[in-house]
Amino acid sequence: MKAAFVFPSLPSARVALFLAAFAFSAALALPACPQALRISSLRGAPGGHLSASLRAEPRTLNPVFATDSASRTVTSILNADLLHINRATDAVEPALASSWQVGRDGQSYLLHLRHGVRFSDGSPFTADDVLFSFRVYLDPKLNAPQRDLLIIDGRPIRVTRLGPDLVRFDLPRPYAAAARLFDGIAILPSHLLQPLLQAGTLANAWTLVTPPAQLVGLGPFRLRSYRPGQSLVLERNPYYWKQDAGSRPLPYLDEVDFSFASNQDAEAIRFTAGQLDLISRLTADTYSSLQKLSSSNLIRELDGGPGLEFDLLLFNLNADLAAHLPQAAHTQTWFLQQPFRQALSLAVDRAALVHLVFQDHAVPLASPVTPASGQWANPALRPTALDLPSARRLLADAGFRWRGAALYDRDGNPVRFTIIATSSNRAQSGIATLLAHNFAALGIDASVVPLEFRSFLQRITQSHDYDLAVMALSAGDTDPNGNMSLWLSSGNLHLWNQGEAQPATPWEAEIDSLMRQQMTLTDFRQRRAAYFRIQSIYAAQLPFLSLVSPNMLAAVRAPLAGAAPGPLDPGMLDNIASFYWRKGP
Amino acid sequence: MTLPRAALIFLVLYSALFAFAGFFATADPAAIDASLPYLPPEGIRFTSPAGQFHLRPYLVRPQPVPGQFAVYTRRGAAFIPLKFFVTTASADTTVDASPGSLHLCGISGGAPHFLGTDEFGRDVWSRLLYGGRTTLAIGLTASLAASLLALAVGLIAGSAAPWLDTLLMRLVETMISVPWFYLLLAVRALLPLRVSPWVAVAASTALMAAIGWARPARILRGVTIAAHQRAYVTMARATGASPWQIARWHTLPDLAPQAITQFTVLLPQFIASEVALSYLGLGVTEPLVSWGVMLTAAQHLSTFVEYPWLISPIWTMIPFFFSVHVLADRAGSLRPLTLPSLSRHWYKLPR
Amino acid sequence: MISSLATRLAHSLGSLLAVSLLCFALLRAAPGDYFTTLRLEPGLSPQTLRSIQQQADPRSPIVRRYALWCASALHGDFGQSLAYHMPVRALLAERIANTLLLSGAGLCGAWLLGLLLSTLRGRPAALVRLFASLLWSIPDPVLAFLLLWTALRLHALAPLPIGTTSPTASWTQWSNFVRQLALPALAMALGYLPLVLRHLQGGFDAAQHAPAVEAAHMHGLPPRIVLFRYILPEAANPLISLFGLGIGSLLSASLFVEVLFGWPGLGQLLLNAILMRDTNVVVAGVFCSALLLILGNLLADLLLWLHDPRLREAAS
């Protein structure tokens, strides 16, 4: 052990003591009983069955290849990670690793694995499983979507086994809040999957038709049965490693079944008919109709406030339009002018969006950093309020003129463009309709073009054949590091101008350097100052308009305790291990 | 009065309502009023708030409950006298009703909402009329085109050489098997992003006609073959009539009632396909209104549970299609359909 | 007969090939592909995306792809689903069964109801005719929608299960299943009823005046015997054809109902697969419904051939 490990917040003298005490207690505890994670605030009642639903059928049960939300939800319940972000406090907490230490250089992490933990088939969990899992995620042939997150500056994270319950992770360079990287990285059973990896068949392992006995994880539940197109039943994992305050093993629930609802309406109907116990990720109109549909006060509605998702109006600022998209290139000449973007922002009635589209279950935004990001959101920025006179002044100063009610640019062309939106998403097409109405007040002829989802995405990410687009994005994490791909000019969510080899503008270059800088800083205040600066640059330049952030809405059957909507995946079901049914009246 | 006659009169009156949508409408169908989302239908009273009888009806406008979304109360409702034969203010630019056009009724400083408003405070009654005009125009044109196409194909397949018949019927089979309305994703990409509403209408009409002909063609082919079995056709053939003459004077009259039936069957189907098309971004788009557009927005559970007036296109279309159907029945199409069979040569008499 | 059947099957094979090729081409022409959504996956580099795509669905000329698909279809597994990482056949099997159950129940319901209603005479018959006209003038999806709406309105009175749950015990499973089937099957049956009713009524009316039937009446046979022994055989030909058509559309007719009621059938799978551009699933699904359509027609013609001696004579 060459690097000196310290707890980041503790003075070193106390650390030594703590470490010694830790080693001592561990040595005592090891042979006697498994070292479970006790949640001291939790006192629930065991037993019961939970019926939930998924908006789509999961496509795979393999956590390495799950990319759709349904598969991710299920795999996150079947599996566990080394460290876990507490959705309520946003802090990183021990999970399969009972504690961790960061090296002085901020580049190496030492994780102590919880001992006595068993997989859902009863076989023990060891450092070999951790090593195996990271080998799978980093395998270039498997192309796991998590792989790119674990590769920093083109070099993979190095994982070393230091003992049966001690693993060291070496990062290629200092990385702020690297502990958050471990959240959601499922630990796989090497005793089952190792042969498949060697045989090269891991990519087709753990599909929906895999026999439940072969699907083994460390999560609170394990698979019992699957009926294609209908349901997925999970049962309690008897080997789960968490306990409540009374040392009662979690999870409380005996069984969870997921049925597949094709859409939110079908889900809401089943919920009111008593066939589902909880539904989440509701739209505002479904949320408000639930009360009227259910005849009694047996349900509890939960409004978790704004999440990490936000709706935005995207300007097409891509540099490759001139050659083959003359129409888009023509409208782009307006969008490239910062005052024009500013004027459009001033013309948007965000309050009306919140009221009419989200029935007041949303908040207007100043930047893509939503209130759910807590202290990362720059408090100096306020959402732009509707201000038509200022918008007109900005346009007039930029050389735009009005003939009658219609707006014309400096060269005498009428200002008219299209706003594309996803036709199946009611909120987004509603936003587009209202925006077109708002822009009409400036004399702009904007027409809404609803498109099927993938056709829409193809225009945004591949053909670039559009003027403006209404869409929703969700921040990957509250921490700035989770939003690299949005801010970096080379990121794949840098949608307004994709695939820049070099930052196209000085301010994009500044954002790039600030973003890279904060990533290596370990001081929270310095990082936050850099992120505030990025948000101010955004607000001055407005490469896209952040409109609103919808609230996280859910509903549960009233006696169900422990469920709360959360901003990070898998939302409400994250702490399903501590769900329980309240007894009696 | 017999049922068909009643249906005819009803149909004429009803069509007038949609044909003169601009006159009967009370507001611009695309005008957004953010202050009145989901307003329930407003009542009409012939009594004043004090309870006295007035010949001039009052519009009873419920008041929004402050602090709650789209909740209105009848308590303290405003009684607004209704005016008749009003001209629109110049600011009121309807999709096609020019400023200064005449309307049947209105109120000063706003618009009456007889059928309430939708999510953006747009007048449902006006949208219903304008939307009906678009939808019925598309539906009738597309059904007519598809029926004529089906008639032509059916007639050719039923009377031409066997190889052509086989070819056409396999084509029909292929057409019927493919879920066209969902596979036409590529068509939107062929059109420019900004298409004028009228191009969109023409495109969806053409698409519906191009897809809808197959099923009726198959039935009409069966009828053609049956018609060819009749004695007078054999007689005509024996006297040396050309195939064209036989088709014109003997087969076509036999086919006409069946073709009319097929037309009435297609008509309601096209309304449904309009909803599917709008999903692909192909159908009628704002600011033009159609019943398909209205129903696409209303098909959500919350809408039809909480705001039932938004599914008014359904209650409007059913009487229309019903009377069309009654009339078509009257046109003498009440005879069993003869359906295609394994090989039509079995039916044919030896030449 | 045998040779006629053989040519018929050969021709049908042609349209099956055409259908699958058409689906392939249309999906290929559609903007975006299965991997489009991965482009919004934060932190997924373009290189990784390319290699995922290369591994799962190598871009090759459509002819080559189609040939590969045909080969897998001959093997009976219809290739691999992009979204579900499993063979399409396994994916389709249960949903086809579900859809057949729903449409089958709907079809049987429509025929039973139709036969019952069409035996009525006089004023009730006129009412039935009016009812059929009314049903005929409501678009099928709207009809299903109205049924759901009514069920929800009545829900306050009696809980009505809609959609499927995951049943546990076997007997409650069945009773649940039947109750859940009732509403969507009713929607299917009501959509199909006017067509059946019209054919039955028309057929019976025409058969009333057939010489054999008139003779039977004159011999004083009881009406029920006349109906089953004389009228039904007389009116059977178009009815058999209609029945064949119904069998043929079993897989394709229920899309709207499935989506609206959340029935886990082929239609819903197919719609999602189209929206996800999961080509192999779409082509296989459409292929199956086309196959059933052709087989349905074939069945109808065979029945006709067995039923009607005139046809057999003409053929020989």
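Residues numbered from 1 in each chain as written. Chains lettered and ligands numbered in written order. Predicted model: local features only at pLDDT ≥ 70, side-chain atom pairs only at ≥ 80, totals over all residues. Heavy atoms only, no water.

### Re helix α15 (residues 506–520) of chain A
Residues and elements named next belong to chain A. Compared with an ideal rise of 1.5 Å per residue, which puts 15 residues at 21 Å, α15 spans 22 Å between its outermost C-alpha atoms and is within 8% of the ideal. Residues of α15 that are buried include every one of W507, E508, I511, D512, L514, M515, Q518 and M519, and no others. In this structure, the buried side of α15 is in contact with α9 (338–347), α14 (484–487) and α16 (524–541). (Helix = DSSP H or I, 4+ residues; strand = E, 2+ residues; numbered from the N terminus. Expected span 1.5 Å × (residues − 1). Buried < 20%, exposed > 50% of the residue type's maximum accessible area, 1.4 Å probe, protein only. Contact = heavy atoms within 4.5 Å.)

### What about the sheet that holds strand β12 (residues 221–227) of chain A?
Residues and elements named next belong to chain A. Taken in spatial order, the four strands of this open sheet run β3-β15-β13-β12, and their pairing is mixed. With partners counted over all chains shown, the strands left at the sheet margins are β3 (49–54) and β12, one partner each. For this sheet, the mean inter-axis angle between neighbouring strands, taken without regard to orientation, is 20 degrees. (Pairing = 2+ DSSP bridges. Axes fitted to C-alpha atoms, helices over the stretch in contact; angles between N-to-C directions.)

### Looking at the pattern of salt bridges
All names here are of chain A. One pass over the full model with this rule turns up 29 salt bridges over all chains. The partner of D569 in a salt bridge is R281, and the shortest N-O contact between them spans 3.5 Å. Pair noted here: D569 is in the loop between β26 (560–561) and β27 (580–581) and R281 is in the loop between β16 (278–280) and α6 (284–293), with a separation of 288 residues, a long-range link. The structure contains a network of salt bridges with shared partners spanning R222, R224, E235 and E255. (Salt bridge = Lys/Arg side-chain N within 4 Å of Asp/Glu carboxyl O.)

### A few points about the interface of chain C and chain B
The partner chain B presents 46 residues to the 60 residues of chain C that form the contact. Taken over both partners, the interface formed by chain C and chain B buries close to 4900 Å², and the fraction arising from carbon and sulfur atoms is 75%. Of all residues in chain C, the largest losses of buried area upon contact with chain B belong to C:W136, C:F145 and C:R198, amounting jointly to 13% of the total for that side. Remark: the boundary between chain C and chain B carries zero salt bridges. Joining chain C to chain B, the criterion identifies two residue pairs in polar contact (both at pLDDT 80 or more). If you tally residues by element for the side of chain C that touches chain B, the top one is helix α1 (residues 2–29) of chain C, at 12 residues. Partitioning the side of chain C that touches chain B into residue classes produces 42 nonpolar, 12 polar and six charged. (Buried area = accessible area lost by both parts, 1.4 Å probe. Polar contact = N/O pair within 3.5 Å; in protein donor to acceptor, adjacent residues only side chain to side chain. Nonpolar A, V, L, I, M, F, W, Y, C, P; charged D, E, K, R; others polar.)

### Brief notes about the side chain of B:E306
In this fold, B:E306 is placed in helix α12 (residues 301–306). Judged by relative accessible area, which is 10%, B:E306 ranks as buried. A polar side-chain atom of B:E306 sits 3.4 Å from the main-chain amide nitrogen of A:S289. In this view, B:E306 contacts A:D285, A:S288, A:S289 and A:K292; residues no more than four positions away in its chain are not counted.

### So, unusual backbone geometry
For the bond running from A:L250 to A:P251, omega is -5 degrees, close enough to zero to count as cis. Inspection of the secondary structure puts A:P251 in the loop between β14 (242–243) and β15 (255–260). The amide bond that connects A:D569 to the next residue, A:P570, takes the cis arrangement and shows omega of -10 degrees. Despite not being glycine, A:D360 has its phi angle at roughly 70 degrees, a positive value. Mapped onto the elements of the fold, A:D360 is located in the loop between α10 (350–357) and β19 (362–364). Overall, the relative accessible area of 38% leaves A:D360 in the partly exposed class. Positive phi is not limited to glycine here, since B:Y38 has a value of about 50 degrees. Secondary-structure assignment places B:Y38 in the loop between α2 (21–24) and β1 (43–47).

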